Structure formats: C-alpha cells, structure tokens
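# Report on the structure
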Amino acid sequence: IPYTVRDEESDEVQVVFQWKRPNEEFPPLPDTPAEINAILADPVQRRERHICTEYPTWVEGRVVQIDSTHVRLPELATTASSILAHGVVGRELEILRASKVPQPIAATWASNPLNHPVAALPIGDGIEALVLDRASPSAWRLRQIDLATGVVTRVLVSSAPGEPSAMAFERDELSALIASDIGGAWQLARVKLADGVVTPLIEFDGTTEAGAVRGLASQGADSALVTVASSLIRLDYSDAQTPRSVTLFDDLATPWGVVVDPLNTNRIYLAERDAQTDFGIGRLLSIRLDTRERHAIPERPIAILEDVFEPVIFDHPRSLALDRSGARLLVITQSDLSDGTQELQAIDLGKGDQPRSFQLASGLPEDSASIATGANGLLLVALTNADDLAVGGGIEQQRTIDGLELAQRHVHVSAAFSPALSAGQPFRVRAPSRVLRPSPSGTRGYFTWDSQDVPEGGSVMLRAVPMDAERGVEGATEAPKVIRSALGAEPVALGDASVTNDPRFVTAADLDGDGDLDLASANTGSSTLTVFFQESPGVFGSTPISLGSASVTYAPVSVTAADLDGDGDIDLASANIGSNTLTVFFQESPGSFGSTPLSLGNASVTNYPQSVTAADLDGDGDIDLASANHFSNTLTVFFQESPGVFG
C-alpha cells in the first residue's frame, strides 16, 4: 500500500492502517497515541478495531553456537546481509525448531512436570503452552509451561474436581474451556487466563448421553460443541441460571475431534472414529449446523490418472485441528490397531472435490490425546500415558541481540540459550519496518498488509492514521480495493537481449548497503553479470551495471553473493563454463565493484563449473567458495586464507 505523509517538524511518524467493508464505518480509534498503542498491543482489540497487520519479512539462516550466549550467523555475510544496514543490535533472534515433525520433548527437560496431559494449547508465538493434566486422581490442573525447558511459568488452576478430558480456547483466546468427567457425568468450566478464575458453565443433566467428552470446540462467548458417546451436543450457557444442552446428532460412530471453520462458523469438521465406509473404518465429516447436512471429506475418491481413482482413507481418526488459516485440517489416525502407534495426517481444504491427503508423521504413541496448531507452523500433541508432549515447528527460543562482531558474524544475546542449540538449527531475525521522517512537502512510504486479516477476501476500503506525539489527520481510499487469494499483479520485467543476454541464474542480495535487496544475473550469451539496484520497494533502476566480459567471465552460468573479503559489504562470484573458472568481484564502495576481479581455478581444477556457492566451510569465520564441476564430476572448495585471498 503506497502512501504519503507530511510533517512540518519532520518528526518520526508511525502510520496505523485500518480496513472496513464498503458499506461499513471504520471502527473508531482513540485520540491519543498512547491509547492507540495500547490497542496495537492487544490482539483482541486489533481484530475488533480492524487494524491491518503488517506482513512480516525475515532474514534467515542456520545458527552456529559458540557458547551459551554467543552464536555465529554465517548468513549475515550472504543472504541475511540486508538487515545490517538497519542495525542488528536490539532485534529479536528467533531460534526455530529443527524439525517440523512433532517429536517427544520431555526427555530434553531437566525435570518433567507433566502428569497424564490430555491437551496442550500454544500461547501467543508458541514459546509457551497451556497444559491440562492431572493434579491427582479425579482432579485436573491448568498450567503455563515453557516448551523448550519444561519450566512451569505460571499456575492458573492448581486443582479442580474431575478427570480432565478436553480443552479448547474460546474464540478470543482470553479464556479456555475445560471438559472433565466425574463418575461418567461430563461438566464444562471456563478458566480466565488473566487471573485463573474458574467458572462452572454447564454439566450433564440427563437429557443427553452420559460419558466423557472426547472433542470440544468453542462457538463463541456463550456456546460450545462437544462429542460424547455417539452424540454431537451443542451447549448453550448464555443464561447462567438455565444453561441448555441440545443433541444435534445421536447416531455417530464414536465421534471424536471437532473443530469450527474460522472462515465459516456455520461449518464444523468432525472425526467419526468407527464409521464403516467402503474403504475402511473411520471418516471425517463436514457438517453445516444450520441445515444439519453432513458429508464425508472428500465426497468421493480422488482421480490420480484418467479413470483411475484412489480413496482418501482416514483410519480410526481421533483428534482434529485446523491450522491458523483454516485451510489445512490435521487429524490423528490409527491405521494398525495392533502396533500401538498412530499417525498424523493432513488434508488441504478448499481444493474442490479433489483434496489431497498426506502423512506428516508416523509412530506417535497410541495414547496421543489431542493435537493443536500455533504460530509459525507449530504442531503440539499431548502424549497422555507417556507424560509427554510432542512438538514440531514454531519458535523454540527467542533472545534479544545485544552485541555484534561483524567481521566474524558473531552475535551476543541477552540470556543463555536453554536448551543448547543443535548444529545448523534455523534462525530468523525480523526485518524492520521502514521508519519515516516525513518532510513538510511529503515523503512516500509503503505498507505491506498481511491480508489474512480478511481471509475470505472481497472488497475493502483502507484508512491510514498517522501519529507522532499526537494523532494526525488520517486519509482513506476513495474506492474499494479487492483482496484476492492469488497473485493478481503483473510481473516486472528487467533487462533485454542487450542487457541480460541468455540469463541462466539470478541471486538476490543487498549489493549497495542500503538495506533492500538487489538482483544480479549471470548472462551466458553476453558473458557478463548484470546488477539491478532496488531504488524503492519493488522498483529497480533503469540503468543497471554490467560486470565482466568474455575475457573475464566467459559464459557465466551461476552467481552467488557473499562478503568474500570480510569488509562488511557484499561481493559477487560467478561460475564460468567458457573459461573453466570462478570470478570474484569485490565491492569497493556501495554499489561499486573493483575493475580487477579475482580469477580462481582452471580446466584441471574447475572443469565446466555449473554452480558456485558461498559459505563458511571450515568454521574459521570467513566465507569460502565451492563449485560443482560438470565434466570432471567433482566439487572444488576454495578456502579463504586471509581477507579476499583464497588457497
């Protein structure tokens, strides 16, 4: 979203964006920046006020731990170098889990606080989780646990009567619903996360089937859905004095997990564990609550070839979860009842009548009780009898960077890593939003909106509210904009036969030190490299620079960008099949490369090099080069022995 801001004093200005439908009013915002910032810090108020979420961009790489508070981030010399222009100190270093497949985690903790956990729900960014387990026989408790260390960071409920059976967030995620069982009679309570206050909501009254609750889903502030025995039951506790339970279906074959579609709250998905089908035992149902229509997912076998169909089978499905977008349904299944294990499967919804199912994990313990999803691809499975949780994806640890040694790409963090990091564990650092100090005549800015705020798409109107020490005068779009689910923009074409003749490879890096990403191509036809500098977001200069010639870079087919002399800026290296060499161009000043590049290799060493890459291949803190050589069937590694000098 392009916008222009004017400020007479050229103060630093923050711009807040809101959205609305064409026939609505913009939700009101307070008059003071302090009150607006309080709204920005509250996810619930952000949703209520239709605040546009900025789409995050990250620099990423693989971490090398030096000691408990020092790590090396090699990609600061290559693909992550663009963040250096904005400064690294003070930013959050996020360590991601090495595996996206859920793995048991309690064995990595110093001590295990779990006792028969039946459900776990990620909180916020997923570093911590809300865990429901036993306090003692026939009593439950609710605690907040750091997933990386197993440390209990908060006790919300130390003990409450009943055998715990299920848990779900209410839709605002400010409270949790807890289902428990006392002597075969189910009951439902609400726990406020702010203070741990427990409020009984409704209990078995004899009008529905008795038994333990298997599946639980919130429908809003005053109602929920539960699966019990052979029934799907709606619970209405809008009137605290006379709560009601209504059986929607009583003919289900062991109904288990149930989830509400976040894009259409009139639709739910339900696992029917023991349903007999033409293809096996068990199925998933899509149910419309208003009409009570129900059909299996998918409705029919999927076509894999013309006239060849393959059934999508969910054997004995149990727990269900939807990812945050509502587009992927996750289900715990059990294909073999005799081996004591279960599987985690996924199915992508919204694919018409041809959805495709795939397995994410196998070998989960048979007592895997529930699955939950969180931010950044987090998957969380409660392993009841093992007193464990299986965790995959998401953020493991977050630390503030408080020091940087640029030459070695070493950073110091504010607190020790716990647990210790594994070699090559993924990291990321969020790239900063552009800070504007607008002039009196106006300064152009850009805001990238994460339009998952409006997952159903459609027409919207936008408002921009500027503020420094005071709230400024807002501006709004005059015509609706259409949010689409697919790319709708025309591509930008760069170069032509005279500039990028037969380009074989392109790489992106900050090649002039201004904090944004530029492009460099290897052009076999003209025996050159071409560099396009980004002048504003998505806009590249009309006059790129050309590097090399037939005598220097004869027929380059690959190019890589990295700091190859340790001076903090980004250099370029190409693989040239015509001369059987690698060529290194050192950046001497922002956007300017030396006229005398370095040549490495020859026909006996780098015979027809098809690819070149840069990385620290000997752990000494500087960047080395490696080529893949087609005719000699070899790899060649050039180690950097001193700044810009390769052995």
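To start, this report covers the structure provided alongside it.

Cut-offs applied
Residues numbered from 1 in each chain as written. Predicted model: local features only at pLDDT ≥ 70, side-chain atom pairs only at ≥ 80, totals over all residues. Heavy atoms only, no water. Pairing = 2+ DSSP bridges. Helix = DSSP H or I, 4+ residues; strand = E, 2+ residues; numbered from the N terminus. Axes fitted to C-alpha atoms, helices over the stretch in contact; angles between N-to-C directions. Phe/Tyr/Trp six-rings, centres within 6.5 Å; stacked < 30°, edge-to-face > 60°. Lys NZ or Arg CZ within 6 Å of the ring centre and 35° of its normal. Buried < 20%, exposed > 50% of the residue type's maximum accessible area, 1.4 Å probe, protein only.

## Focus on the sheet that holds strand β42 (residues 528-532)
- With respect to topology, four strands assemble into an open sheet ordered β40-β41-β42-β45, the strand pairing being antiparallel. The open sheet has two edge strands with one neighbour each: β40 (503-509) and β45 (545-547). Across the sheet, the mean angle from the axis of one strand to that of its neighbour is 20°, orientation sign disregarded.
- Pairing of β40 with strand β41 (residues 518-523), which is carried by six bridges, proceeds in the antiparallel orientation. Bridging across to β41, valine 506 finds its partner in serine 521.

## Quick notes on the packing of aromatic side chains
- This model, assessed by the stated rule, comprises four aromatic pairs.
- Grouping aromatic residues by their ring pairs yields a cluster made of Tyr3, Phe17 and Phe447.
- Here the basic side chain of lysine 20 rests over the ring of phenylalanine 26, its NZ or CZ set 5.3 Å away from the ring centre.
- Taking NZ or CZ as reference, arginine 214 lies 5.2 Å from the ring centre of tryptophan 256, over its face.

## Some remarks on the sheet that holds strand β52 (residues 609-615)
- The antiparallel open sheet is built from three strands, whose spatial order is β52-β53-β54. In this open sheet, the two strands that pair with only one neighbour each are β52 and β54 (634-638). Within the sheet, the average angular offset between the axes of one strand and its neighbour, ignoring direction, is 20°.
- Two elements, β52 and strand β53 (residues 624-629), share six bridges in a ladder whose sense is antiparallel. Its bridge partner being in β53, threonine 613 is matched across the sheet by alanine 626.

## A short note on the pairing of strand β31 (residues 379-383)
- Of all five residues in β31, five are buried; the element is thus mostly enclosed.
- A two-sided burial pattern is seen for β31, the buried positions comprising Leu379, Val381 and Leu383 on one face and Leu380 and Ala382 on the other.
- In terms of strand pairing, strand β30 (residues 368-373) meets β31 through five bridges, oriented antiparallel. The partner of serine 370 across the bridge, within β31, is alanine 382.

## Let's talk about the pairing of strand β37 (residues 458-467)
- Counting buried residues in β37 gives eight out of 10 residues, a clear majority hidden from the surface.
- Note: β37 against strand β39 (residues 481-483), three bridges, orientation antiparallel. Each residue of the ladder has a partner; that of glycine 458, found in β39, is isoleucine 483.
- Judged from the two bridges that link them, β37 and strand β38 (residues 475-476) form a sheet pairing that is antiparallel. From the neighbouring strand, alanine 464 faces β38, where its bridge partner is glycine 475.

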